[in-house]
Amino acid sequence: MPQADTQQFGLIEYVEDDVIEFPVGLPAFEQETSFLLITPLKTKPLVFLQSLGRSELCFVTLPLEVVDPNYQLSVSAEDSKILSPAGQTLTAVGQADGVQVECLAIISLTGSRPTANLLAPLVINRATRRAVQAIRLDNTYSHQHPVEELVC
Amino acid sequence: MLIIRRKAGEAFHIGDSIEVEILEVGTNQVKIGIKAPREIAVLRNEVFLTESQNKAAAAAASALLSRLTGADKSGM
């Protein structure tokens, strides 16, 4: 079983199916294309996105539906092509048609308060495990949405 | 904020090295051409915000984790 050296979690074992590929990386981290999703029971519903290339790089995220159950996903044509090369529509996990996607919002600290980036959620194709940070072209959602009650 | 009115084909300068030209004005979109030195980063606002937010998130991960789990890293 392959192992990953991580600063936050130490040496961890994983299976290839746990690896998420970001073909174009993440903005400001374009070189990092392979990540692991780690969901420790203790900190549920938080999901950690750990880089396989850089042991110190780990993003703290929350499922989008936890931050905003009514979130309306909007993925640009360019990003859709990465997630679904065949051009099928993207749907939430559990729905019957289209490509099932899992969405995560990256958590940061604004001042000392935790905020979620709802402007650019991570969208993961569950079947192919390919993912993209889907930056919205509109300004419907904030890049610093407060999530204090969810994180601490 | 400085506000100026320009028509398609008109341009303006920022400092000595940056020229911005309005190429086309549509009903809900304008096409803009930017001439700037290579070392000046030109980013769409949403990309700029996401880049800085990602950098902040990467820097905040340790602080967030220790707030969430205390010093205990055995919570796997």
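Residues numbered from 1 in each chain as written. Chains lettered and ligands numbered in written order. Predicted model: local features only at pLDDT ≥ 70, side-chain atom pairs only at ≥ 80, totals over all residues.

**Observations concerning the overall build of chain A**
So, step 1. Of regular secondary structure, chain A possesses three helices and 12 strands.
So, step 2. Relative to a compact globule of 152 residues, whose C-alpha radius of gyration would be 15 Å, chain A shows 15 Å and is just as compact.
So, step 3. Dimensions of chain A, computed from the C-alpha atoms along their principal axes, are close to 40 × 35 × 30 Å.
So, step 4. Per-residue burial over chain A gives 36% buried out of 152 residues.
So, step 5. Sequence separation of at least 24 residues holds for 46% of the intrachain contacts in chain A that already meet a minimum separation of 6. (Helix = DSSP H or I, 4+ residues; strand = E, 2+ residues; numbered from the N terminus. Rg over C-alpha atoms; globule rule 2.2 N^0.38 Å. Buried ≥ 20, exposed ≤ 12 C-beta atoms within 10 Å, placed from the backbone. Contact = placed C-beta atoms within 7 Å.)

**What about the interface of chain A and chain B?**
So, step 1. Facing 29 residues of chain A, the contacting portion of chain B comprises 22 residues.
So, step 2. For the side of chain A that touches chain B, the elements supplying multiple residues, two or more each, are strand E6 (58-63) and strand E8 (99-110) of chain A.
So, step 3. For the side of chain A that touches chain B, the leading source of residues is E8(A), giving four residues.
So, step 4. Broken down by class, the residue content of the side of chain A that touches chain B amounts to 20 nonpolar, seven polar and two charged. (Nonpolar A, V, L, I, M, F, W, Y, C, P; charged D, E, K, R; others polar.)

**As for the confidence of the model for chain B**
Low pLDDT marks regions whose predicted coordinates should not be analysed in detail.
All names here are of chain B.
So, step 1. The share of residues in chain B with pLDDT of 70 or more is 89%, and the mean pLDDT across the chain is 89.
So, step 2. This stretch, residues 71-76, has a pLDDT under 50; its non-local contacts, to residues over four places away or in other chains, come to 10 contacts.
So, step 3. Taken together, the chains of this predicted complex give a pTM of 0.86 and an interface ipTM of 0.89. (pLDDT = per-residue confidence, 0-100.)

**Some details on the domain arrangement of chain B**
So, step 1. One can read the domain layout of chain B as domain 1 (1-38) and domain 2 (40-70).
So, step 2. With centres defined by C-alpha atoms, the gap from domain 1 of chain B to domain 2 of chain B works out at 30 Å. (Domains from an automatic or database assignment.)

**Thoughts on the pairing of strand E5 (residues 47-51) of chain A**
Residue and element names in this part refer to chain A.
So, step 1. Taking burial as the measure, the five residues of E5 include five buried ones, the bulk of the element.
So, step 2. Of the two faces of E5, the one lined by Val-47, Leu-49 and Ser-51 and the one lined by Phe-48 and Gln-50 are each fully buried.
So, step 3. One ladder, built from four bridges, connects E5 with E6; its direction is antiparallel. Bridge pairing in E6 links Leu-49 to Phe-59.
So, step 4. From the end of E5 to the start of E6, which pair antiparallel, there are six residues. (Pairing = 2+ DSSP bridges.)

**Remarks on the environment of A:Val132**
So, step 1. Tracing the sequence through the fold places A:Val132 in strand E11 (residues 131-133).
So, step 2. Along the primary structure A:Val132 and A:Lys81 are separated by 51 residues, whereas in three dimensions their C-alpha atoms are 10 Å apart.

**Quick word on the pairing of strand E9 (residues 113-116) of chain A**
Put simply, side chains in a regular strand alternate between the two faces of the sheet.
Residue and element names in this part refer to chain A.
So, step 1. Here four bridges tie E8 to E9, and the two strands are oriented antiparallel to one another. What sits directly across from Thr-110, in E9, is Arg-113.
So, step 2. Here E8 hands over to E9 after two residues, with Gly-111 in that stretch at a positive phi of 65 degrees.
So, step 3. As paired strands, E9 and strand E12 (residues 145-146) are joined by two bridges and run antiparallel to one another. Pairing of Thr-115 across the sheet is with Pro-146, part of E12.

**Side note on the nonpolar core**
One broad trend across soluble globular proteins is that nonpolar side chains are buried collectively.
So, step 1. Counting residues in each nonpolar core, the largest one holds 46 residues, and the members touching the most others are A:Phe59, A:Val60, A:Leu62, A:Ala105, A:Ile107, A:Val123 and B:Ala61.
So, step 2. Setting aside residues no more than four positions away along its own chain, A:Ala105 makes contact with A:Thr61, A:Leu62, A:Leu64, A:Val67, A:Ala116, A:Asn117, A:Leu118 and A:Pro121. (Core = buried A, V, L, I, M, F, W, Y, C linked by C-beta atoms within 7 Å.)

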